[in-house]
Amino acid sequence: MTDRSRHVAFVCPRFAEGPTVGGAETLLKNLARRIALSGRKVTFLTTCARNHFTWENELPAGSRTIDDIDVHFFPVDPERNVTEFLNIQSLISANCRVSVADELIWLQNSVNSGSLCDYLKENGNTYDRIVMGPYLFGLIYFASQIYPEKTLLVPCLHDESFAYLKSIGNMFNNVRGCMFNSVPEKELASRLYVMEKSSVSSVVGMGMDDFATTPGIFKSAHDIRSQYLIYSGRREPLKGTPLLIDYLNAFRSRTNRDVKLVLTGTGHAEIPEELTNSIIDLGFLSEKDKHAAMADAVAFCHPSVNESFGIVLMESFLAGTPVLVHSKSAVLKYHCKQSNAGFWFNSYPEFEEELQLLLNNQKLRNAMGNAGRQYVLKEHSWHHIDEKLFVALEK
Amino acid sequence: MNRPMFEIGANGIDVGNVVAEIQATVAEKMKNGMYVDARIARAERTNIANLKNDEDFLAFYLECLRDAVAVDINDFVIHEKRALFSKLLVALKKVIWKLLKFYTYRLWSQQNQTNTLLLSAVESLEERYREKIRNLEERIARLESKDACK
């Protein structure tokens with residue numbers, strides 16, 4: 001360890017504690033813990049919000065030690081003009097051109113915490129590195145301007161209209177560097193941004209803790225007698241859950257095969273009447289139960305096209321289950337190719353043929369599942385990720 | 001459809017090759033009209049946003065849509081899930097259906113006409129722009145080859 005990274009601060013809009021946080025928050029918390037375990041001092045700056053729709057200040061402001069990390073909670077600014085924010089956001093989402101001034105109004109009315117930024121201004125000189133993300137929040141945009149020479153972005157970047165904004169491009173250009181989750185994410189950033197000033201950019205990702213599962217336990221516990229697909233995570237259009245439900249409906253109807261879908265996670269899923277007995281919605285499960293559910297599935301289906309890492313994909317690989325992903329997700333497709341443990345589909349016919357193949361061939365499923373497990377153990381063990389993380393911090 | 005298409009051993013998998021093989025088979029089956037199916041058109045409704053730049057997908061989707069465009073307005077078998085009074089409930093539903101038929105028939109037949117006209121319009125637009133783009137691409141290629149000869 002050199003003097004370059006003795007004290008590392010993290011900035012993230014939410015702190016991963018409890019069941020409803022997303023992948024980016026989990027990633028940043030895990031990176032912070034690994035850095036703390038290495039003997040470096042870690043300070044985590046976040047907001048009092050838990051809900052990513054309302055951004056209400058639910059947690060008390062102040063400092064607490066959570067999982068060996070010194071966490072400082074700051075209130076989200078109350079004076080947001082949500083109407084203005086949503087108006088500009090809908091224009092950006094529709095790929096309409098908006099001026100830089102409007103981009104700034106959008107960022108100012110996004111999730112911000114003036115008190116967090118003030119704290120960072122006052123105390124930033126004591127930090128050697130400031131790691132922050134994900135990119136799509138006013139808080140990160142403004143916090144990255146305070147000590148840009150010390151700032152490492154963990155952007156969790158997707159190929160979406162927001163990534164093409166000039167202000168976002170400037171943020172990538174001005175910070176010290178980025179820590180990407182995967183090679184395709186880094187390639188996307190290189191395609192979109194100049195990143196002249198940011199001299200450091202590395203692919204780090206997240207390590208995965210190995211777990212063991214006993215085949216058959218989940219199926220017998222839930223009295224499931226047919227083969228099933230599984231999806232874990234938030235259920236929302238951006239994650240592709242409506243697409244998966246529609247595909248399952250067409251598959252069952254066209255092939256007359258009794259394939260079920262197990263859903264774990266949070267959020268509302270619109271289930272058509274004809275599928276009420278074929279979709280088993282278990283809501284939020286413990287990690288152990290989720291992994292057991294993954295282990296008994298024919299495949300894990302991840303239809304989202306906007307992923308920068310895919311934690312649940314890695315968990316499925318560790319459970320020895322092959323995956324089916326949408327081909328428009330460069331990151332998930334990359335993991336499938338690298339591991340030889342998943343297929344990708346562009347449209348329903350490809351999905352149908354691939355699912356038929358997996359349903360009919362257990363040998364293939366086992367071989368793919370084993371390949372996926374080996375891939376995660378080799379490429380995403382914490383030992384391997386730690387090495388990359390500490391090198392990125394020292395750069 | 002239930003027949004396994006590929007037999008792959010456990011060793012030496014290359015998912016890239018398998019997916020390429022599946023894509024080739026799907027392309028062949030598409031040519032033979034095996035996926036022209038209203039159920040696929042419905043299943044693909046949320047995939048359109050993902051594949052908006054994919055020309056082949058639009059052509060395929062429009063083909064499926066042709067099968068889905070007309071809503072079935074004919075008589076159908078009326079069932080009742082509840083065991084109690086099921087005969088009575090079926091009879092009641094049949095009477096309601098007969099009473100409403102004159103109204104729904106007119107409404108849905110007009111809707112079907114509109115759907116068909118709209119689909120034809122989208123198809124002709126798609127064909128027209130595809131032709132235009134092809135001509136422009138050929139023209140660019142010709143001009144570039146002329147430039148290269150200079």
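Residues numbered from 1 in each chain as written. Chains lettered and ligands numbered in written order. Predicted model: local features only at pLDDT ≥ 70, side-chain atom pairs only at ≥ 80, totals over all residues. Heavy atoms only, no water.

### Digging into the pattern of salt bridges
Residues and elements named next belong to chain A. One pass over the full model with this rule turns up 28 salt bridges over all chains. Across the pair Arg34 and Asp386 runs a salt bridge, and its minimum N-O distance is 2.7 Å. Of this pair, Arg34 sits in helix α1 (residues 23–37) while Asp386 sits in helix α15 (residues 382–394), placing them 352 residues apart in sequence. A salt bridge links Arg373 to Asp210; its shortest N-O distance comes to 2.8 Å. Of the two residues, Arg373 is situated in helix α14 (residues 362–379) and Asp210 in the loop between β8 (200–203) and α8 (217–221); the sequence distance between them amounts to 163 residues. Assessed through its relative accessible area of 43%, Asp210 is described here as partly exposed. (Salt bridge = Lys/Arg side-chain N within 4 Å of Asp/Glu carboxyl O. Helix = DSSP H or I, 4+ residues; strand = E, 2+ residues; numbered from the N terminus. Buried < 20%, exposed > 50% of the residue type's maximum accessible area, 1.4 Å probe, protein only.)

### A word on the interface of chain A and chain B
Listed by partner, the interface residues are 37 residues for chain A and 38 residues for chain B. For the pair chain A and chain B, the summed buried area comes to about 3000 Å², and 58% of that belongs to carbon and sulfur atoms. Considering only the surface of chain A that becomes buried against chain B, Arg254, Pro349 and Glu353 of chain A emerge as the three largest contributors, covering 22% of it. The interface formed by chain A and chain B contains four salt bridges. (Contact = heavy atoms within 4.5 Å. Buried area = accessible area lost by both parts, 1.4 Å probe.)

### Looking at the confidence of the model for chain B
The predicted coordinates should not be examined in detail at positions where pLDDT is low. Residue and element names in this part refer to chain B. Per-residue confidence for chain B averages 84 on the pLDDT scale, and 93% of its residues sit at or above 70. Element-level pLDDT for chain B is lowest in helix α3 (residues 55–68), with a mean of 81, against a maximum mean of 94 in helix α1 (residues 15–31). Below pLDDT 50 for its whole length, residues 1–10 participates in 24 contacts with residues either more than four positions away or in separate chains. As scored by the predictor, the complex reaches a pTM of 0.81 and an ipTM of 0.84. (pLDDT = per-residue confidence, 0-100.)

### Focus: helix α11 (residues 311–318) of chain A
Residue and element names in this part refer to chain A. For α11, the tally of buried residues reaches eight of eight residues, placing the bulk of the element in the interior. Taken together, the buried positions of α11 are occupied by Ile311, Val312, Leu313, Met314, Glu315, Ser316, Phe317 and Leu318. Within two residues after α11, Gly320 carries a phi angle of roughly 80°, on the positive side.

### Describing the sheet that holds strand β9 (residues 228–232) of chain A
Sheet strands associate in pairs through backbone hydrogen bonding, adopting either a parallel or an antiparallel arrangement. Residues and elements named next belong to chain A. Spatial strand order, β11-β10-β9-β12-β13-β14: six strands in an open sheet with parallel pairing. The sheet is open, and its two borders are formed by β11 (279–283) and β14 (342–345), each paired with just one other strand. Going across the sheet, the axis of each strand differs from the next one's by a mean of 25°, ignoring polarity. With five bridges connecting them, β9 and strand β10 (residues 260–264) associate as parallel partners. What sits directly across from Tyr231, in β10, is Leu263. (Pairing = 2+ DSSP bridges. Axes fitted to C-alpha atoms, helices over the stretch in contact; angles between N-to-C directions.)

### Some words on the nonpolar core
Residue and element names in this part refer to chain A. Core analysis: the largest hydrophobic core is formed by 106 residues, its most contacted members being Phe10, Phe44, Leu324, Phe343 and Phe351. Of all the elements, helix α9 (residues 241–255) adds the most residues to this core, at seven residues. For Phe351, the contacting residues outside a window of four places in its chain are Leu229, Tyr247, Phe251, Cys301, Leu324 and Phe345. Listed in part, the 43 residues of the second largest apolar core include Trp106, Val111, Leu120 and Tyr135. (Core = buried A, V, L, I, M, F, W, Y, C linked by side-chain atoms within 4.5 Å.)

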